[in-house]
Amino acid sequence: MSATQPPLAPLPAPSRWARLKVLLELGGAKHALVLGGFSLVTTLLLALAYGVTKAPIAQSALEDLNRSLGQVIPADLHDNQLAADPASLQLDGSKLRVYRARKAGHVTGVAFEIARKGYSGDMQLLLGVDESGKLLGVRVLHHTETPGLGDKIEATRADWITRFAGLSLGNPPDAQWAIKKDGGRFDQFAGATITPRAVVNGVRDGLRLFAAHRQAFLEDASK
Amino acid sequence: MSQIKHILTDGLWRNNVVFSQMLSLCPALAVTSAATQGLGMGVATMAVLIASNALVALLRGLITEEVRIPAFVLIIATLVTIVDLAMNAWLHELHKVLGLFIPLIVVNCLILGRAESFASKNSVVLSALDGVGMGAGFTLALTLLGALREIGGSGTVFAGASTLLGPAMGVLEIRLYPGDGALVMILPAGGFIVLGLMIAAKRTLDNRKAAPRRQATSVDDAASLPAAS
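Observations regarding the overall build of chain B
Counting secondary structure elements, chain B contains eleven helices and two strands. Counting only C-alpha atoms and orienting by the principal axes, one finds that chain B spans roughly 55 × 55 × 30 Å. Every one of the 229 residues in chain B was classed for burial, and the buried ones make up 42%. In chain B, of all internal contacts separated by at least 6 residues, the share reaching a separation of at least 24 is 76%.

Set out below in structure tokens:
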């Protein structure tokens, strides 16, 4: 920075219009274009990914459903494809999807889903019930409970959920259809009370629903 | 060569996300009630981090300074969603185990932080390498944290590793003592306690390593401090 350098000629002050133009076209518009372009490309990519993966995801979901249905309804109780035989019931104002197990045309049991609020978000329970109202099995199809605490309701992590098989509304008595903390018979988990409580209450309510609408569950309106 | 080594050790130890930068503590504490889950979350995050770093570095010429943050968020969110969909479609079994964690990756500030502080200023290769280093450091921290909490809380290490990594990894599943341990270790409080002890341990190690050198060059000490960001 020596003092001998000649001073620069002052630039002409840009007019207000020119400054506005620069601001609009070079400043804002360019950024808007960049961001708009990014949004467009990412949206296209997402649409593409969704389209490509839609069929395989539906296929795996169907396989999962088949496997879950197989876990709550023993194979010797049916000779039909469980997942391929869904029926929709209109009960107490809510819609319920029911999978009927048939042997030689006779309905031997049903599987149906119950949604229940867990510790964090909804969980989806699948109940298998035979024609007398006895539980064949219970599985959790979907949940977002705390990993390490609430996820002991999964059959792959603990045998807790398998202990429902063989129980019914009278066994144990109605007052004991609750977790131990609530005076019932079912174990809660260390560190997780709300999750098993939701499952036990959900199963109990599912059994009550079945008992109240037994005919609708077992009867085949289509045949 | 030394630059590569520097980037890798930076992520793994010197500037470790959890222990030094103290970022991403929410996923670090939330999923580490067991070692397997920490490992799963770490690996999934590392995969997304490598890809997002490489992509941000590739597109850094296109992104203008003023809109870089929303652009990074778009890139990361898209990437995670595509990974989620693809895993659900073609790696369905793995998705069932890791599915819970994947949406959490979007909000992991580590990914955005590396995009901003490294990938937007470096080449694709170096950025991917930074993703490897930082991701490995994150995985190391989460697995270690998960293992310590699992040992204290459940008496096992890597329980359920076979569902995540395949039946061959069942050998990792070890029970150290029968019965349950201290419940507090699995609860959030245990996470904070173990994390605090681990950070203290790392500081102590770093200080001990820096101590002999301090007599020679006292300036060097500044380098061992975590980078403020």
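Thoughts on helix α8 (residues 109–117) of chain B
For α8(B), every residue scored as buried is listed here: B:L110, B:I111, B:R114 and B:A115. Projected down its long axis, α8(B) carries its buried residues within an arc of 135 degrees, all on one side.

As for the interface of chain B and chain A
With 28 residues of chain B at the contact, the number on the chain A side is 23 residues. Ranked by the residues each element gives to the side of chain B that touches chain A, the list is headed by helix α5 (residues 68–90) of chain B, at eleven residues. Split into classes, the residues belonging to the side of chain B that touches chain A amount to 17 nonpolar, nine polar and two charged.

Concerning the sheet that holds strand β1 (residues 86–91) of chain A
Residue and element names in this part refer to chain A. The strand order across the open sheet built from five strands is β1-β2-β3-β4-β5, with neighbouring strands paired in antiparallel fashion. One side of each edge strand has no neighbouring strand; the edge strands of this open sheet are β1 and β5 (135–142). Shown here is a sheet whose adjacent strand axes are inclined to one another by a mean of 30 degrees, direction ignored. Contacts from helix α2 (residues 194–212) reach β1, β3 (106–117), β4 (122–130) and β5 within the one sheet, and its direction differs from that of β4 by about 45 degrees.

Digging into the packing of helix α4 (residues 35–58) of chain B against α5(B)
Residues and elements named next belong to chain B. Remark: α4 packs on α5, axes separated minimally by 10 Å, with the N-to-C direction vectors making an angle of 140 degrees. Accordingly, the angle class assigned to the pair α4 and α5 is oblique. Crossing of α4 against α5: the hand is right-handed. For the pair α4 and α5, contact is made by V48, A51, S52, L55 and V56 and by F72, I75, I76, L79, V80 and V83, respectively. Grouping the constituent residues of the contact of α4 with α5 by class yields ten nonpolar, one polar and no charged.

So, the environment of B:S127
All names here are of chain B. Within the secondary structure layout, S127 lies in helix α9 (residues 124–153). Along the sequence, S127 and L55 sit 72 residues apart, while their C-alpha atoms lie 9.0 Å from each other. For S127, the residues in contact, after removing those within four places along its chain, are N53, A54, V56, A57, F118, A119 and N122.

Remarks on the pairing of β4(A)
Residue and element names in this part refer to chain A. In this structure, β3 lies alongside β4, joined through nine bridges in antiparallel fashion. Residue pairing across strands places F112 opposite L127, the latter belonging to β4. Hairpin connection between β3 and β4: a loop of four residues separates the two successive antiparallel strands, and G121 in this loop has a positive phi of roughly 90 degrees. In sequence, β4 turns back onto β5 through a hairpin of four residues, with G133 there showing a positive phi of about 100 degrees.

Here's the deal with unusual backbone geometry
The step from A:N171 to A:P172 runs through a cis peptide bond, and the omega angle for that step is 0 degrees. Inspection of the secondary structure assignment puts A:P172 in the loop between β5 and α2. The backbone of A:A104 shows a phi angle near 50 degrees, a positive value even though the residue is not glycine. Take A:A104: it is sitting in the loop between β2 (94–103) and β3. With 8 C-beta atoms packed within 10 Å, A:A104 lands in the exposed category. If you check the backbone angles, B:S24 has positive phi at about 55 degrees while not being a glycine. Along the chain, B:S24 turns up in the loop between α2 (17–21) and α3 (25–30). Since 24 C-beta atoms lie within 10 Å of it, B:S24 is described here as buried.

Some remarks on the nonpolar core
General note: in soluble globular proteins, nonpolar side chains tend to be found buried as a group. Membership of the largest hydrophobic core comes to 56 residues, with the highest contact counts inside it found for B:A44, B:V48, B:F138 and B:A141. Of all the secondary-structure elements, those providing two or more residues to this core are α2, α3, α4, α5, α7 (102–106), α8, α9 and α11 (188–216) of chain B. Among the nonpolar cores identified, the runner-up in size contains 33 residues, and A:Y99, A:V110, A:V140 and A:F186 belong to it.

Observations concerning α2(A)
All names here are of chain A. With 19 residues, α2 ought to run about 27 Å at 1.5 Å a step, and its terminal C-alpha atoms sit 26 Å apart, in line with that. Within α2, the full set of buried residues consists of T195, P196, R197, A198, V199, V200, G202, V203, G206, L207, L209 and F210. Buried residues in α2 make contact with β1, β3, β4, β5 and α3 (214–218).

Criteria and thresholds
- Residues numbered from 1 in each chain as written.
- Chains lettered and ligands numbered in written order.
- Predicted model: local features only at pLDDT ≥ 70, side-chain atom pairs only at ≥ 80, totals over all residues.
- Helix = DSSP H or I, 4+ residues; strand = E, 2+ residues; numbered from the N terminus.
- Buried ≥ 20, exposed ≤ 12 C-beta atoms within 10 Å, placed from the backbone.
- Contact = placed C-beta atoms within 7 Å.
- Arc of directions from axis to C-beta.
- Nonpolar A, V, L, I, M, F, W, Y, C, P; charged D, E, K, R; others polar.
- Pairing = 2+ DSSP bridges.
- Axes fitted to C-alpha atoms, helices over the stretch in contact; angles between N-to-C directions.
- Parallel < 35°, antiparallel > 145°, perpendicular 65-115°, else oblique.
- Left-handed = near helix turned anticlockwise from the far one by under 90°.
- Core = buried A, V, L, I, M, F, W, Y, C linked by C-beta atoms within 7 Å.
- Expected span 1.5 Å × (residues − 1).

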